[in-house]
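Below, each chain spelled out in residue letters.
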Amino acid sequence: MIRIAGVFAVVAIAGLIGVSTWATGHVSIVPAIQDLIANPSAGYTPWLVATLFDAYFGFIWFWLWIAYKETRWSMRLLWLVLVLGLGNIAMGAYMLIRIARLPRGATVEDLLLRRA
């Protein structure tokens, strides 16, 4: 299971960097959001808002686990900024760091619980 989580984290990071690079090549995020907000008749704004709320609630849920795992407030705050700024890219990076720090033969519980 730990290996699957690691592979998924790598795939997620690579996919998100790839799609973000592709999207930025077409239009930067700030003008895209401004256009969606300025053009509500296109019907995108309600779903943009709903999707952003959904994503950021998910980011906060994941960050709560990070806050549980990390014992220093400086690291908790750093990861909060990274997760809110980079989303799943930061989340995947955090997972890879935690996996890399696990001793050989570690269990999923060692990954998820504070003891590792």
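Each remark here, short or long, concerns the structure printed above.
Please read all numbers here as calculations on a predicted model, not as lab measurements.

This next bit is on the overall build of the protein. The helix and strand inventory of the protein stands at 6 helices and 0 strands. Ordered by position from the N terminus, the helices and strands of the protein form the series α-α-α-α-α-α. Seen through its C-alpha atoms, the protein measures out along the principal axes to roughly 55 × 25 × 20 Å. A buried classification covers 25% of the 116 residues belonging to the protein. Taking as baseline every contact in the protein between residues at least 6 positions apart, the subset at least 24 positions apart corresponds to 66%. Carbon and sulfur atoms make up 72% of the accessible area of the protein, which amounts to about 8,100 Å² in all. Measuring between centres, the 9 positive side-chain charges of the protein sit 14 Å from its 5 negative side-chain charges.

Scanning all chains against the criterion turns up 1 salt bridge. In this structure, Glu70 and Arg98 form a salt bridge, with 3.6 Å as the shortest nitrogen-oxygen distance. With Glu70 in the loop between helix H3 (45-69) and helix H4 (73-86) and Arg98 in helix H5 (residues 88-100), the pair connects residues that are 28 residues apart, well separated along the chain. The exposure class assigned to Arg98 is buried, which follows from its relative accessible area of 8%.

This part is about the packing of H4 against H5. The packing of two helices is summarised by the inter-axis angle and the distance between the axes. Across the interface, H4 lies against H5 with an axial gap of 6 Å and an inter-helix angle of 135°. As judged from the angle between their axes, H4 and H5 are oblique. Listed contacts from H5 to Trp79, Leu82, Val83 and Leu86 of H4 are Asn88, Ile89, Ala90, Met91, Ala93, Tyr94 and Ile97. When the residues that make up the contact of H4 with H5 are grouped by side-chain class, the tally is 10 nonpolar, 1 polar and no charged.

A few words on the packing of helix H1 (residues 2-26) against H5. One way to put it is that H1 packs onto H5 with a least axis distance of 9 Å and a crossing angle of 150°. As judged from the angle between their axes, H1 and H5 are roughly antiparallel. Note that H1 runs across H5; the crossing there is left-handed. Between H1 and H5, the residues in contact are Ile2, Ala5, Gly6, Ala9, Val10, Ile13, Leu16 and Ile17 and Asn88, Ile89, Gly92, Ala93, Met95, Leu96 and Ile99, respectively.

The next point concerns H1. In this model, H1 (25 residues) spans 36 Å end to end at C-alpha, consistent with the 36 Å of a helix rising 1.5 Å per residue. All of the buried residues in H1 are Ile2, Gly6, Ala9 and Ile13. Packing partners of the buried residues in H1 comprise H5 and helix H6 (108-112).

As a further point, take a nonpolar patch on the surface. A cluster of nonpolar side chains, Val49, Leu52, Phe53, Tyr56, Phe57, Ile60, Trp61, Leu64 and Leu84, forms an exposed patch at the surface whose accessible area comes to about 880 Å². No other element matches H3, which puts 8 residues into the nonpolar patch.

Another aspect to go through is the nonpolar core. If you look at the biggest cluster of nonpolar residues, it comprises 18 residues, and the most contacted ones within it are Phe62, Ile66 and Met95. Of all elements in the fold, only H1, H3, H4 and H5 reach the threshold of two or more residues within this core. Among the elements that line this core, the one with the most residues is H3, at 6 residues. Setting aside chain neighbours within four positions, we find Phe62 in contact with Met91, Tyr94 and Met95.

Calculation notes
Residues numbered from 1 in each chain as written. Predicted model: local features only at pLDDT ≥ 70, side-chain atom pairs only at ≥ 80, totals over all residues. Heavy atoms only, no water. Helix = DSSP H or I, 4+ residues; strand = E, 2+ residues; numbered from the N terminus. Buried < 20%, exposed > 50% of the residue type's maximum accessible area, 1.4 Å probe, protein only. Contact = heavy atoms within 4.5 Å. Areas by Shrake-Rupley, 256 points an atom, 1.4 Å probe, with all protein chains shown as cover. Lys, Arg positive; Asp, Glu negative; His and termini not counted. Charge placed at Lys NZ, Arg CZ, Asp CG, Glu CD. Salt bridge = Lys/Arg side-chain N within 4 Å of Asp/Glu carboxyl O. Axes fitted to C-alpha atoms, helices over the stretch in contact; angles between N-to-C directions. Parallel < 35°, antiparallel > 145°, perpendicular 65-115°, else oblique. Nonpolar A, V, L, I, M, F, W, Y, C, P; charged D, E, K, R; others polar. Left-handed = near helix turned anticlockwise from the far one by under 90°. Expected span 1.5 Å × (residues − 1). Patch = residues over 30% accessible without salt bridge, like charges linked within 9 Å, V, L, I, M, F, W, Y side chains within 5 Å. Core = buried A, V, L, I, M, F, W, Y, C linked by side-chain atoms within 4.5 Å.

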